[in-house]
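Observations on chain architecture
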Amino acid sequence: MPDSPEKLLSQWENTDSLFVPDQLPLRLEILDRLEVLDQPEVSDQSAGPGQLDARFPESGPAIVSARARRLRARLEAANVELYASIRSSIRQGSVPAAFARQLEPTPIQPGGLHYDYLDELVAGVFAFDQPGEARAPAGPENVFYQPTPARHIFSLIRQAGIAARDVLLDLGSGLGHVPLLVSASTSARAIGVEFEPAYVASARSCAQKLNLDRVSFLLEDARDADLSIATVFYLYTPFTGSILRTVLYRLRAQANLRAQAEQKVKAAPRPIRICTFGPCTITVAQQRWLVPDTSPAEDRITVFRARS
Ligand SMILES: C[S@@+](CC[C@H](N)C(=O)[O-])C[C@H]1O[C@@H](n2cnc3c(N)ncnc32)[C@H](O)[C@@H]1O
């Protein structure tokens, strides 16, 4: 038999560990369940709305509902405290422990297109301004905005081995999740290129509020972006068809230019990496000048390098 709402509430109210910062995933799960309890008609079917159950003075829909609301407020306050402490670490220039944990080596490469608690964490920390109405003329080859799930951004940093010497360029950066998270989690520079002014404004405002000075956002079409500044390129299927072909053509020229320059001056190799997520992975995998590090899949990060 499932536990009664009263029993569940008592259990949660008295579990002090639930309120420590690391317990965000559990808090979010309980917050979801509390949403259901905070509705008198769901919390007790036997008594009428607002009535106390005479057998249990601590029960009754109104009481359960009020307790659920109080507990929600406590859990939400714990989340807000966690986000504020992470923001404070970022402002001071250190990598927050919650991000560093995600960057530890792991043999598991996360999959799936869904979002999870890490996206709540990132949304809470970055507290994006709601972008104004979209103005950029979106054609059939321009893909609408959708952020990369946060676990894949951490996976991108790990798999591509993004380090201080790197410059990451996110082609079609939306609200800036990828450059912002790279900048807050590594010593690399990160740049977002996005053709929608409202998204660029929101990303810039977030970077400024967090004192992130190694990240910048350029308002331009990805076809016109200066590719010579980056070592790692990221594409979460921002465009398809002829736009994707044009950008891949320009990326190939970039890889060749670097190869030629390296041959002339015998400089240490500084190969570019092209990282993808979503359906564009399949198109990129068909480029014969590129070799993937792992078997290409749409729901995982794939890192490609130019064939030597
Ligand atoms: C699927 S979203 C990816 C957002 C971001 N890279 C991320 O992973 O969180 C694609 C983004 O590309 C932008 N976009 C589409 N075509 C573009 C173009 N030609 N130049 C620049 N940005 C473009 C869209 O406005 C949208 O924000």
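A brief report on the enclosed structure follows. None of these values were measured; they are calculated from a predicted model.

Another point: the layout of surface pockets. In this structure, the largest pocket occupies an estimated 570 Å³ of space. Lining the largest pocket are 33 residues, with Val143, Phe144, Tyr145, Glu194 and Pro238 sitting closest to its centre. Elements supplying a minimum of two residues to the lining of the largest pocket: α8 (177-185), β2 (189-194) and β4 (232-236). Looking at the lining of the largest pocket residue by residue, the classes come out as 18 nonpolar, 10 polar and five charged.

To continue, consider helix α2 (residues 24-37). The end-to-end C-alpha separation of α2 is 20 Å, in line with the 20 Å expected for 14 residues at 1.5 Å each. Here α2 has its buried residues at Leu24, Arg27, Leu28, Ile30, Leu31, Leu34 and Leu37. One face of α2 carries all of its buried residues, which in axial projection span an arc of 165°.

It is worth spelling out the side chain of Asn142 at this point. By the element assignment, Asn142 lies in the loop between α6 (117-126) and α7 (150-160). A distance of 2.8 Å separates a polar atom in the side chain of Asn142 from the backbone nitrogen of Gly139.

Put simply, side chains in a regular strand alternate between the two faces of the sheet. Across five bridges, β2 lies against strand β3 (residues 215-219) in parallel orientation. Bridging across to β3, Ile191 finds its partner in Ser216. Handedness of the β2-helix α9 (residues 197-209)-β3 crossover: right-handed.

This part covers the side chain of Glu194. One can find Glu194 in strand β2. The side chain of Glu194 sits in the buried core without any salt bridge; Arg223 is the nearest counter-charge, 11 Å away. Looking at Glu194, its side chain comes within polar contact range of the main-chain nitrogen of Gly174, at 2.7 Å. A distance of 3.0 Å separates a polar side-chain atom of Glu194 from the backbone nitrogen of Glu196. Each residue touching Glu194, except ones within four places of it in the same chain, is listed here: Gly172, Ser173, Gly174, Tyr199, Val200, Leu218, Leu219 and Glu220.

Criteria and thresholds
- Residues numbered from 1 in each chain as written.
- Predicted model: local features only at pLDDT ≥ 70, side-chain atom pairs only at ≥ 80, totals over all residues.
- Heavy atoms only, no water.
- 1 Å grid on protein atoms, 1.4 Å probe; cavity = no way out; pocket = protein on both sides within 12 Å on 5 of 7 lines; lining within 4 Å.
- Points joined across faces, edges and corners; volume = space filled by probe spheres on them.
- Helix = DSSP H or I, 4+ residues; strand = E, 2+ residues; numbered from the N terminus.
- Nonpolar A, V, L, I, M, F, W, Y, C, P; charged D, E, K, R; others polar.
- Expected span 1.5 Å × (residues − 1).
- Buried < 20%, exposed > 50% of the residue type's maximum accessible area, 1.4 Å probe, protein only.
- Arc of directions from axis to C-beta.
- Polar contact = N/O pair within 3.5 Å; in protein donor to acceptor, adjacent residues only side chain to side chain.
- Pairing = 2+ DSSP bridges.
- Right-handed = clockwise from strand over helix to strand, strands pointing away.
- Lys, Arg positive; Asp, Glu negative; His and termini not counted.
- Salt bridge = Lys/Arg side-chain N within 4 Å of Asp/Glu carboxyl O.
- Contact = heavy atoms within 4.5 Å.

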